[in-house]
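Observations on chain architecture
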Amino acid sequence: MARRGKKKGRPISGWLVLDKPVGMGSTEAVSKIKWLFQAEKAGHAGTLDPLASGMLPIALGEATKTVPYVQDGAKVYRFTVAWGEERSTDDLEGPVTKSSEQRPAEADVLLLMPKYTGVIMQTPPQFSAIKIAGERAYDLARDGATVDIPAREVEIGRLDLIEHSAESTIFEVECGKGTYVRSLARDMGRDLGCFGHIAELRRIEVEPFTQEDFVTIAELEAARFGEQPDEGSNSADTVPVDFDAIDAFLVDTSAALDCLPQIAISDDAATKIRLGNPVIIRGRDAPVEAEEACATARGKLVAIGAIEQGMFKPKRVFAG
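In what follows, the accompanying structure is described.

What follows covers the sheet that holds strand β16 (residues 300-308). Read across the open sheet, the five strands follow the order β13-β15-β16-β17-β14; overall the sheet is mixed. The outermost strands of the open sheet, each flanked by one partner alone, are β13 (262-264) and β14 (279-280). Sheet topology note: the β14/strand β17 (residues 311-317) ladder contains two bridges and is antiparallel. Across the sheet, residue Ile280 finds its bridge partner in β17, namely Met311. On top of the sheet, helix α8 (residues 267-274) reaches β14, β15 (290-297), β16 and β17; it is set at about 75° to β16, its chief contact.

Attention shifts here to the side chain of Arg224. Within the element layout of this structure, Arg224 appears in helix α6 (residues 217-224). Owing to a relative accessible area of 2%, Arg224 belongs among the buried residues under this scheme. Within polar-contact distance, the side chain of Arg224 engages the backbone oxygen of Trp35 at 3.4 Å. A distance of 2.4 Å separates the side chain of Arg224 from the backbone oxygen of Leu36, its partner in a polar contact.

What follows is about α8. All buried positions along α8 are accounted for by Ala269, Ala270 and Ile273. An end-on view of α8 places all buried positions within 105° of arc, on one side of the element. Along its buried surface, α8 packs onto β14, β15, β16 and β17. At the exit of α8 stands Gly276, carrying a positive phi of roughly 90°.

Another aspect to go through is the pattern of salt bridges. The full count for this structure, using the stated rule, is 18 salt bridges. Across the pair Asp247 and Arg10 runs a salt bridge, and its minimum N-O distance is 2.8 Å. Here Asp247, found in helix α7 (residues 243-247), pairs with Arg10, found in the segment before β1 (14-20); they are 237 residues apart in sequence, far enough to count as distant. Residue Asp247 shares its accessibility class with Arg10, and that shared class is buried. Of the charged contacts, one joins Asp49 and Arg182 as a salt bridge, the two residues approaching to 3.5 Å between their closest N and O atoms. Here Asp49, found in the loop between β2 (42-44) and β3 (53-60), pairs with Arg182, found in helix α5 (residues 181-191); they are 133 residues apart in sequence, far enough to count as distant. Residue Asp49 is classed as partly exposed on the basis of its relative accessible area of 27%. Taking the relative accessible area as the measure of exposure, Arg182 reaches 8% and is therefore buried.

Quick notes on the rules
- Residues numbered from 1 in each chain as written.
- Predicted model: local features only at pLDDT ≥ 70, side-chain atom pairs only at ≥ 80, totals over all residues.
- Heavy atoms only, no water.
- Pairing = 2+ DSSP bridges.
- Helix = DSSP H or I, 4+ residues; strand = E, 2+ residues; numbered from the N terminus.
- Contact = heavy atoms within 4.5 Å.
- Axes fitted to C-alpha atoms, helices over the stretch in contact; angles between N-to-C directions.
- Buried < 20%, exposed > 50% of the residue type's maximum accessible area, 1.4 Å probe, protein only.
- Polar contact = N/O pair within 3.5 Å; in protein donor to acceptor, adjacent residues only side chain to side chain.
- Arc of directions from axis to C-beta.
- Salt bridge = Lys/Arg side-chain N within 4 Å of Asp/Glu carboxyl O.

By themselves, these figures tell us nothing about what the structure is for.
Following this line, the structure appears as structure tokens:
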């Protein structure tokens, strides 16, 4: 008998800015989106813990080539620190490891906050994806080991106090790549002498995306099916599909590259670049040198590359 080939997905490309619900893991979310779009390829730009909600940018198709640029972007979180307890996971999931009857006054919190802005040294949580001797820290922690994780430099652009009560404080933070909000809660609790852990965490921005780009799973299901079938069934093959409706939620792949110089090129130059050939960059305002830039033709992304001595040299090419 002839062997049946594995069914391929659609060659759809773009970014889906998912408003991830609490309780869903990042990998689970990507699988769900890939299934809803029947996409060939999908990936996410920055893990969001199951207990956290909010922005999980998911790349489909050619957009997966731009994931590193979104991962490196600034992020904004709104989070609640519950005072009086430190937990093994630095959030609600783990057991209490330290406790205190002391609670901080709002003035004490405000006085401490400048210590946690700018470039600071931060030790990641025991339950984190940091690799120690080739193993994930969270795997070692689950086995009962106490891991010596070295502190590292992170950048916090701003830290704002939103609301304060006797038992908890709500903050908003804008931070760079590699910052752990759970570590912020742990360290502030220790400095205030009362301990603390994350009670609620929501990511509201991942540069260049904002809350205006948010899409929920319910909205996607309604656009795709009207009524949602069970994912484990084969009904996705029988329910009428309106891919135009669901595809309308995608953000163009090029949005991830707003941080790079943009070079407009001709159709002929685009053809040469897609074949891997360099082209001369023309135009009075075209840069002579750039470590990275993106070339577009008729508003469509063609390639990411370097500009050297007035020539664009492609490094990563995108399908037309």
